[in-house]
Structure formats: structure tokens, C-alpha cells
Amino acid sequence: MTDTPVKPRPRVGLFATCLMNAMRPSIGFASAKLLEDAGCHVSVPAAQTCCGQPGLNSGDEDGARALAKQLIEAFEDFDYVVGPSGSCMATIRHDYPGLFADMADWRKRAEALAAKSYELLSFLTDVMGVTEVDAEYHGTITYHDSCSGLRSLGVKGQPRQLLGSVKGLTIKEMEDTDVCCGFGGTFCVKYPEISEKMADDKLRNAAETGADTLLGGDLGCLLHLAGRLRRKGSPVRVYHTAEVLAGLADGPSLGEENR
Amino acid sequence: MEFRSPEFKTRAVHALHDANLQKALSNTKAGFVVKRAQAAEAMPEFEALRDTAAEIKNHVLNNLDHYLEKYEAAVTAAGGHVHYATDAEDARRIILGICKKAGARRITKGKSMVSEEMGLNEALIADGYEVVETDLGEYIIQLADEPPSHIIAPAIHKTKDQVADLFAAAHHKPRKTDRAELVAEAREVLREKYFTAEVGITGGNFLVAETGSSVIVTNEGNGDLTQTLAKVHIVTSGIERVIPTLDDLSVFLRILARSATGQETESYTTFSTGPRREGDVDGPEEYHVVLLDNGRSKMLGSRFQDMLRCIRCGACMNHCPVYGSIGGHAYGWVYPGPMGSVLTPLIKGMDGTYDLPNACTLNGRCKSVCPVRIPLPDLLREIRHNQFRKDMTPKRQKQALKLWRYVAERPKLYHFAERIGVRILASMAGGKGKLRSLPFDPGWTGARDLPAPTGRTFLELWQAKRGDQ
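This structure is a prediction, so every number in the text was calculated from the model and none was measured. (Residues numbered from 1 in each chain as written. Chains lettered and ligands numbered in written order. Predicted model: local features only at pLDDT ≥ 70, side-chain atom pairs only at ≥ 80, totals over all residues.)

Undergrad: Please explain the overall build of chain B as it appears in this structure.
TA: Each helix and strand counted, chain B has 23 helices and 12 strands in total. Projecting the C-alpha coordinates of chain B onto the three principal axes gives extents of approximately 90 × 55 × 45 Å. Every one of the 469 residues in chain B was classed for burial, and the buried ones make up 49%. Here the analysis covers contacts within chain B between residues at least 6 apart in sequence; of these, 74% occur between residues at least 24 apart. (Helix = DSSP H or I, 4+ residues; strand = E, 2+ residues; numbered from the N terminus. Buried ≥ 20, exposed ≤ 12 C-beta atoms within 10 Å, placed from the backbone. Contact = placed C-beta atoms within 7 Å.)

Spelled out as C-alpha cells, the structure:
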């Protein structure tokens, strides 16, 4: 829990990550529903684009700085910034202040934004005190810990706690759940063979649990893993954790044909 | 040592298809990862010790000149000699000089990654010396004529069957497959070498400034025989390996073995302080320490200074899923894995090392286990920034980043482009939910499908439903 008391109806700016916005809008609606159920007022600023992580991780520090400034301006008036991605939110929380080492004014603004930026599920549990959700999912899931959320933001128990309250859902933990799946942003296209091997290691561990559904908190990892599963003809379904928690995992899973 | 980092990509793909290597790599998890976790778990003060170790190293690095002088004075007082080598060539010249003066013919070696960095074996052999590696792993790869693939387990890429073949060929004895028998055979062959070598070369895990001692940590005792039985003992180490006191050493000894192999302590921790003194029953007549700089002093005071805290435990590579997929040889030089991907570009230069810091998912597992808390992912990313500034990033990628920035800095254009993009992808998928190939595919669909978008972006759906709030 945070030290400062939470306002009765905090104003939350929902960060629609690039991938979510384009590839999986239902994660955005699931996020909004979970936040509103927890008592938040949710807005989606139209001036938002990308957090700048692709540039930051590929060497383009100037480009990352420019996009960081834009995001700070779009979101700094909210009580909180929340996004359904550990990796984007880790960029905002951990990397933004360092981008402005030599710019005192911007650094202050970056630090202020970082302090109120959260990955969705850790925000719901750690800040809003949510302990359970009202949802049903009939299946056995295994949960992949995406690296940035896990190691930079400490997202580990929160999704499991909330998933534990979903009716009809069984959690089976896989071996090496904390090992990278091989997505790694541009890594997956720059070194596709290594990425494929890492995906197969992950999916073998997932398969050994017997779970029919694979969940995770970062769409990049999920697109990569679902893409590999579909290529191999596996029937395992892949959803973002938020979709299941919000009861919105009733449509086709990632890469699945319209039912 | 040959520099093959420029071939990273092809060697990595080759490694993925090497069945023996994959079998050997799959055995390492239980050997390293599980045991390290158990060792860390069993020691309540382990995390605090990591902090203390990092602090000691930071203090030394901020006062390195002082501690090197102190160390040198202590070594000299004990009757030994300290030599400073600015680079690998300088180090080879110094060591060849010592061996020549000693009238050596046979040289035994304990494990030393710094000597690999010096390219020492090749130089000694070229000058006519017989060089015998005495660490079992190093001995195996010397027989195979290969470089180490791991900094503490140099032959980790070899299976037991491959070792059996190598021994049978080299020792001219019946092929054995039992582990204990193989070890016994190597021990028997090496025993004679220890007694007849004129010079013994070892590494130095730690150099203690207050006593002038070099400390080696081994599991086989081969280092002890190497350094006590030869007439001349040469220690090879990096200038950053000095620590102030024996008390400080106790901190490192408690985290090194636990981080490396998950042992509470290695079998042998051996101190060498100068040559044999009057009344000593054994020990060398001469004691030399060759301290290698090779780019380290340039890291001091730079954004890469943290890298000099490294105590060479290997935990970062043991926990790296990329290293675990391709092994150490793909990295193409002395130091593989995360620590090597930082060190190689800094020591060997930016040319030919482009892939090393890029072939990393920044998953942070290395940083989470580093006993001296080196922020390896941050350093790897820092090298990528340097590559970008030096215009080494591939043109296509740089153009893509520029385009991405241009569009993302213009929210209206960005959202318009995303709306068009998702409509095209959705119509290409035609209700199948996935795409098997893509026009202008950057490398996605070789091994995976692309789960197709539904055809509308979240922002446009949200705005249609909820307005601009």
C-alpha cells in the first residue's frame, strides 16, 4: 500500500499502449472496467501515443526523450497514470527521470509522473486495495511473469491473487515462470532464431502444466507466444490477465479464428 | 584468442542446431540456477552482503591508485614483483620475459580468464613452451583446441561422451565413460606435469592490499599444485581485482561461491604471499604478479565504472536465457553472456561487437542475481546508445526509429496511421484471426504467426463510446 491515502474517486489517466491500442482493444476496455469497478474515474487522453521505449532500448535516446515529454504533458494532471503493461509502465517509472538528468525542470516533472504511474494489476491491489473481482472463467490457466513487470515493478503476487478470485478458474504454475519468453521488443525480430528457442522453452513449460489457457500482463510477450502457438497448431488460448479479470475473455483469444 | 564476435549471428544459429551443445546446456540449470537459489535462500544476510560487496568495490574503484600502490608495496615487502601491463601485448612480453629468464620448458596453468584475454597460451606455445592447463575443464578444451565457453565452467558445452572421446585419443588408453574414472585419468596425467614444470601460472580472484596476497578459489586443488610446485609462480589478474583488507575478503568469499555454483564455499581457498620464505617446506622461488589494464582504467570514472565491480562468478550467464540458448562460443571472445556483452565492446572496441549488447531482451535476470549488483541491462542499453550516436545502428533500423518518432510525435497522424494499419491487417486476416506472412516482414513470421487485430483501435472505439473523456 502507498503511504498517502487514496482520494475517494481518483482520476486515472489510462495509458493505451501502442500494441494494445492497435492489436487488442479489449484489454483497454477490460482495464477501464476494472479501474471503474475499483472506484476510479477513468479518462483516455487523445494526445497520447508511445512511451518511447522502442527508441530508448534501441539507442535513440533523443527520440525517447521527445516522446517522454509528450507523455508527461498528456498525463501529468491526473492523480494516477495506469497502463496494462509492465514494460511500458516500467519505462515511465524507472527510465523517465534518467532521461532528463541534465534538465532540472523536466526531471522534476518526470519524477512526479513516475511516482504516480502504475502497472494495472499492481495499481488495483497495492493502491486501490482490490482483493477480488466479480468474474468467471472456466478453464485452467498458467501465468507467465513478464520480465519488466516482475523485476522492475514487483508484479508477481497481485495477478495471482486476483485470478484466484475468478470463479471456475484453476491456476497451475509452470516451471521457470519468471524466465524471459524471448520477446524482448525488437529482439524478437533482430534475433528471431534465439527468440524462437526461448518461446519454445517457455511454451514447453506451459504445456507441461496441462493448462488450456496462457495468461500474462504484457501484450508484446503474449503476441509472440500466441503467434508461436498458432504456428504450431496448438489449441492453447492466450489472453491478457485483465481480459479474464474483467470477464471479457469470452471472444476469440489472441490469434484465434472468429467463433 | 581469436576474435569471432563479428560472426555472432551465424554462430548463434549454428549453436541452436548443435544437439550436443543443447544437451550440455540443458544440464546447467539444475547445476547452477537451482543451487544458487538454495544457497541464497539459506543465508539470511545474503542480500545485505551483496550491498556491502558492491560498496567495498565502489570504494576501491574510487581510490584505485591508492590501493594498487599499497598492494604493490606489500607484495614487494614479501619479496615478490608486481608488473603493470597496459594491454595484452605488453602482458605477453612481460610473461615471456619471466619464463625465458627462468629457463622454463614446461609451464602449468591454473584457470585464468585474464590469461585468455592476454592471448597467453598461443604466445607461449609459439615460443616453444609446453603449456598444460590443469583445471579439468580447461584441460578438456585444451585437448579439443577450443576456447572456454563459460568463465567458471570452461568446458560446460562438452558432454561426458565427448570428453571420453577426447581423453581416449589424447591419453592412448581404453575409452572410459565413468565420471570418476575420467577424472582419475586426468589427475594421473596431470600429476607428473606439476612436478616437472618450471613455471606455474594462475589467476587471482582477489588481491589483498594490506597483505600483498593473491587469493585463488578452486574446487580441484589444481591451482595450489600449480603455484606451489613450480620454481616460478606468475599471477595474472586485472588491476580492478584489488581489495583493501582480509576482512573485506571475507565478504566476497561468502558471496562468490554461493553466486557461482551454489556452494557455501569452494573446496580450496588459497593465499599466496610472496615466494618461499626461509623455513618454508614448499613454495616458488620467485613470485610475480602481472596486472592487466587493457582498457579498464578507461572505464574508471565513465558510465561503465560499475562493470569493474565484477568478481567473475558467472551468475549472470547462468541465469541468462540467451546464453542458455546458444552457449558461450557464439559470443566470440573471452567473456560470454551479459558481463561479456558489456566487457567485449569496451575492451575490444565497438567494431565487430555490434550484436553483443543487442542480443539481449533486457529481461533483467542477470542484474537480479549479480552479487555486486552491476546494473547489466542498463550498461548494455548504454552501449546501444553509444552505437546509435556513432551511427553503427543498421540503416534500416535507424530509419524505422526515425519514422516511429516522427509519427509518434504527432498524435493525430499517429492515430490515423494506426487506424489504417489495423484495418489493413484485419482485412488481410479475413476472420482467420492470424496472419501467416506479412508484407515488409521485419522478421516476425519466420517462426510465428501474427495474431490479427480486430480492425478498430482502442482509442477510436473508446471515443465512439465515451466521447473525449
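Undergrad: Would you explain the environment of A:Gly247 in this entry?
TA: All names here are of chain A. Tracing the sequence through the fold places Gly247 in the segment after helix 13 (241–245). Spatially, the C-alpha atom of Gly247 lies 17 Å from that of Thr142, the residues being 105 residues apart in sequence. When neighbours within four sequence positions are excluded, Gly247 is seen to be in contact with Ala135 and Glu136.

Undergrad: Can you help me understand the interface of chain B and chain A in this one?
TA: In many analyses, interface size is given as the accessible surface area lost on bringing the parts together. Contacts between the two partners involve 55 residues from chain B and, on the opposite side, 56 residues from chain A. Residue assignment for the side of chain B that touches chain A shows that the elements contributing at least two residues are helix 1 (8–16), helix 16 (321–326), helix 19 (365–369), helix 20 (376–389), helix 21 (395–408), helix 22 (411–429), strand 12 (450–451) and helix 23 (458–466) of chain B. Residue classes in the side of chain B that touches chain A are distributed as 25 nonpolar, 18 polar and 12 charged. (Nonpolar A, V, L, I, M, F, W, Y, C, P; charged D, E, K, R; others polar.)

Undergrad: Would you explain the domain arrangement of chain A in this entry?
TA: Residues and elements named next belong to chain A. When its domains are assigned, chain A resolves into domain 1 (11–126) and domain 2 (131–245). Each of domain 1 and domain 2 has a C-alpha centre, and the two are 22 Å apart. Tallying the contact residues gives 28 residues for domain 1 and 22 residues for domain 2. Going through the elements one at a time, helix 1 (18–23), helix 2 (25–37), helix 3 (53–58), helix 5 (86–99) and helix 7 (120–127) are the ones with two or more residues in the side of domain 1 that touches domain 2. The residue makeup of the side of domain 1 that touches domain 2, split by class, is 13 nonpolar, 11 polar and 4 charged. (Domains from an automatic or database assignment.)

Undergrad: So what exactly am I meant to see when it comes to the domain arrangement of chain B here?
TA: Split into domains, chain B comes out as domain 1 (5–298) and domain 2 (403–466). For domain 1 of chain B versus domain 2 of chain B, the separation of C-alpha centres amounts to 53 Å.

Undergrad: Explanation requested: the sheet that holds strand 2 (residues 41–43) of chain A in the structure shown.
TA: Residues and elements named next belong to chain A. Read from one edge of the open sheet, 4 strands run 2-1-3-4, paired in parallel fashion. Edge strands, defined here as strands with exactly one partner in the open sheet, are strand 2 and strand 4 (117–119). Sheet twist, expressed as the average angle between the axes of neighbouring strands with direction ignored, equals 30 degrees. (Pairing = 2+ DSSP bridges. Axes fitted to C-alpha atoms, helices over the stretch in contact; angles between N-to-C directions.)

Undergrad: Can you walk me through the nonpolar core in this structure?
TA: A general trend in soluble globular proteins is that nonpolar side chains are found buried together. Formed by 203 residues in total, the largest nonpolar core has its most connected members in A:Val82, A:Leu225, A:Leu245 and B:Val290. Top contributing element to this core by residue count: helix 12 (residues 219–231) of chain A, with 7 residues. Look past the residues within four positions of A:Leu225 in its chain and what remains in contact with it is A:Cys181, A:Ala199, A:Lys202, A:Leu203, A:Leu214 and A:Val238. (Core = buried A, V, L, I, M, F, W, Y, C linked by C-beta atoms within 7 Å.)

Undergrad: Hey, could you run me through helix 17 (residues 337–348) of chain B in this one?
TA: Residue and element names in this part refer to chain B. The end-to-end C-alpha distance of helix 17, which contains 12 residues, comes to 16 Å, matching closely the 16 Å that a straight helix rising 1.5 Å per residue would cover. Extensive coverage of helix 17 is indicated by the burial of 12 of its 12 residues. Where helix 17 terminates, the next one or two residues include Gly349, which has phi positive at roughly 100 degrees. (Expected span 1.5 Å × (residues − 1).)

Undergrad: Would you take a moment to explain the packing of helix 11 (residues 192–208) of chain A against helix 12 of chain A for this structure?
TA: Two packed helices can be described by the angle between their axes and the distance between those axes. All names here are of chain A. Axis separation between helix 11 and helix 12 bottoms out at 10 Å; the angle between their running directions is 80 degrees. On the basis of their axis angle, the class for helix 11 and helix 12 is roughly perpendicular. Contact with helix 11, carried on its side by Ala199, Lys202 and Leu203, involves His224, Leu225, Arg228 and Leu229 of helix 12 and no other residues of that element. Of the residues in the contact of helix 11 with helix 12, the class split is 4 nonpolar, 1 polar and 2 charged. (Parallel < 35°, antiparallel > 145°, perpendicular 65-115°, else oblique.)

Undergrad: I would appreciate a short explanation of the sheet that holds strand 8 (residues 237–240) of chain A in the present structure.
TA: Working definition: the strands of a sheet are paired by backbone hydrogen bonds and lie parallel or antiparallel to each other. All names here are of chain A. Ordered in space as 6-5-7-8, the 4 strands form an open sheet in which the pairing is parallel. Both outer strands of the open sheet, strand 6 (167–171) and strand 8, are each paired with one neighbouring strand and no more. Taking each pair of neighbouring strands and ignoring which way they run, the sheet shows an average axis angle of 35 degrees.

Undergrad: Before we go on, may I ask you to explain the environment of B:Arg258 in this structure?
TA: All names here are of chain B. Within the fold, Arg258 resides in helix 13 (residues 246–260). Residue Arg258 is classed as buried on the basis of its 25 C-beta neighbours within 10 Å. Taking C-alpha positions, Arg258 is 36 Å from Arg93, a pair spaced 165 residues apart along the chain. Apart from the residues lying within four places of it in its own chain, the contact partners of Arg258 are Arg36, Ala39, Ala40, Met43, Phe46 and Glu264.

Undergrad: Please explain unusual backbone geometry as it appears in this structure.
TA: Most peptide bonds take the trans form, and the phi angle of most residues other than glycine is negative. All names here are of chain B. Positive phi, normally seen in glycine, also occurs at Asn294, with a value near 50 degrees. One can find Asn294 in the loop between strand 10 (286–292) and helix 14 (296–299). Looking at Asn294, the number of C-beta atoms within 10 Å reads 22, which means it is buried. Look at Arg312: it is not a glycine, yet its phi comes out positive at around 60 degrees. Within the secondary structure layout, Arg312 lies in the loop between helix 14 and helix 15 (315–318). The exposure class assigned to Arg312 is partly exposed, which follows from the 17 C-beta atoms found within 10 Å.

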